[in-house]
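As a plain string of letters, each chain reads:
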Amino acid sequence: MAAALRKVITFASMLLPYGVHELRRRHRQRIELSEPILQALKANRELAGCHRGQRCFVLANGPSVKALDLTALEGETVISVSNGYLHADFMRFAPKYHVVPQITYGTMTEDQVARWFAEMHENLGEAELFLNETEAQIVAERKLFAGRKVRYVALRTNFDEIGDTSIIDIAKPIPRVDSVPVLALMIAMHMGFKNIVLLGADHDSWRSGYYTYAFDLKTQAGTDFSVTSDGRILSSNYDTFQSLARLWRQYRRLGMIASANGVRIINGGVGGELDEFERIPLNLLLPQDKVR
């Protein structure tokens with residue numbers, strides 16, 4: 001009976017609008033960080049400037065990636081995100097880092113998260129993993145990611161409250177994000193990358209009304225109750241545009257921070273609606289013998 005009730009409550013929570021989940025998340029984030037998490041954040045200090053002056057590619061999961069030859073990234077420093085291990089030729093370009101944003105447990109159960117993490121671990125190669133501190137407990141209790149370096153960030157503050165253009169320090173609580181490439185950009189700048197190339201950060205699903213990926217989901221297929229089984233977005237335009245406004249403010253703030261610190265963010269993808277950064281086609285960023 002109790003199990004059935006939990007299922008009903010979980011399903012009901014999936015029907016709530018984004019804003020309700022956001023309020024619940026912010027309420028939970030008033031809880032003080034535990035000592036183990038504080039120590040995990042402190043360990044991120046060693047990453048500050050570790051790739052100073054270098055270039056990296058932040059590979060998002062938008063459908064435009066299907067038009068790119070990702071094998072050209074072989075030998076480059078790549079940061080993949082979320083389900084990005086499902087990209088074609090993933091092990092050819094073997095990302096050095098993989099980033100996952102905070103999980104909303106109103107839309108995924110702990111069992112679903114554990115299965116997703118197990119699939120992720122099996123397919124990530126040697127990538128170092130970044131998770132939000134809210135996932136530390138499930139990782140520890142279920143002994144996930146054995147043998148892999150897992151780091152934590154604390155998504156607790158607000159981009160709109162940032163008052164300067166200093167590089168965001170991931171050894172401290174950092175702003176919440178509306179899309180995982182934003183988190184990857186914060187991490188990349190903390191590590192000192194001078195040139196950061198975004199790929200697949202399309203953010204154009206509001207035009208088509210469908211949310212799709214550059215690949216077919218596996219474990220996470222059917223877990224997103226904000227869309228139909230074929231990807232049609234269920235939220236109203238009002239909620240969608242509110243989220244997009246927050247997201248664009250986040251990108252703009254990161255652009256300001258990058259500019260103030262001599263960092264160049266480039267949109268190397270094809271298509272998409274992200275217009276906050278200069279666009280340079282991927283084939284012009286790589287040696288010609290690497291691009292088919």
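Above: the structure in question.
Keep in mind that this is a model prediction, so the values were computed, not measured.

Another aspect to go through is the overall build of the chain. Across its full length, the chain carries ten helices and ten strands. Expressed as a percentage of its 292 residues, the buried residues of the chain come to 49%. Considering only contacts within the chain whose residues lie at least 6 apart along the sequence, 63% involve residues at least 24 apart. Working note: accessible area of the chain is about 14600 Å², and carbon and sulfur atoms make up 52% of it.

Attention now moves to the pattern of salt bridges. Counted according to the given criterion, the structure contains twelve salt bridges. The partner of E110 in a salt bridge is R142, and the shortest N-O contact between them spans 3.9 Å. Remark: R142 occurs in the loop between α6 (136-141) and β5 (150-153) and E110 occurs in helix α5 (residues 110-123); sequence separation between them is 32 residues. Here R264 makes a salt bridge to E278, at a shortest N to O gap of 2.5 Å. Of this pair, R264 sits in strand β9 (residues 264-267) while E278 sits in strand β10 (residues 278-279); the two residues are 14 residues apart in sequence, bridging distant segments of the chain. Classification of E278 as partly exposed rests on a relative accessible area of 36%.

This next bit is on the packing of helix α7 (residues 180-190) against helix α9 (residues 237-260). Packed helices, taken two at a time, are described by the angle their axes make and the gap between the axes. It is at 10 Å that the axes of α7 and α9 come closest, and there the two elements cross at 15°. In terms of axis orientation, α7 runs roughly parallel to α9. The interaxial crossing formed by α7 with α9 has left-handed handedness. Across from P181, V182, L185, M186 and M189 in α7, the residues of α9 making contact are L247, Q250, Y251, L254, I257 and A258. Its residues assigned to classes, the contact of α7 with α9 comprises ten nonpolar, one polar and no charged.

The rules behind the values
- Residues numbered from 1 in each chain as written.
- Predicted model: local features only at pLDDT ≥ 70, side-chain atom pairs only at ≥ 80, totals over all residues.
- Heavy atoms only, no water.
- Helix = DSSP H or I, 4+ residues; strand = E, 2+ residues; numbered from the N terminus.
- Buried < 20%, exposed > 50% of the residue type's maximum accessible area, 1.4 Å probe, protein only.
- Contact = heavy atoms within 4.5 Å.
- Areas by Shrake-Rupley, 256 points an atom, 1.4 Å probe, with all protein chains shown as cover.
- Salt bridge = Lys/Arg side-chain N within 4 Å of Asp/Glu carboxyl O.
- Axes fitted to C-alpha atoms, helices over the stretch in contact; angles between N-to-C directions.
- Parallel < 35°, antiparallel > 145°, perpendicular 65-115°, else oblique.
- Left-handed = near helix turned anticlockwise from the far one by under 90°.
- Nonpolar A, V, L, I, M, F, W, Y, C, P; charged D, E, K, R; others polar.

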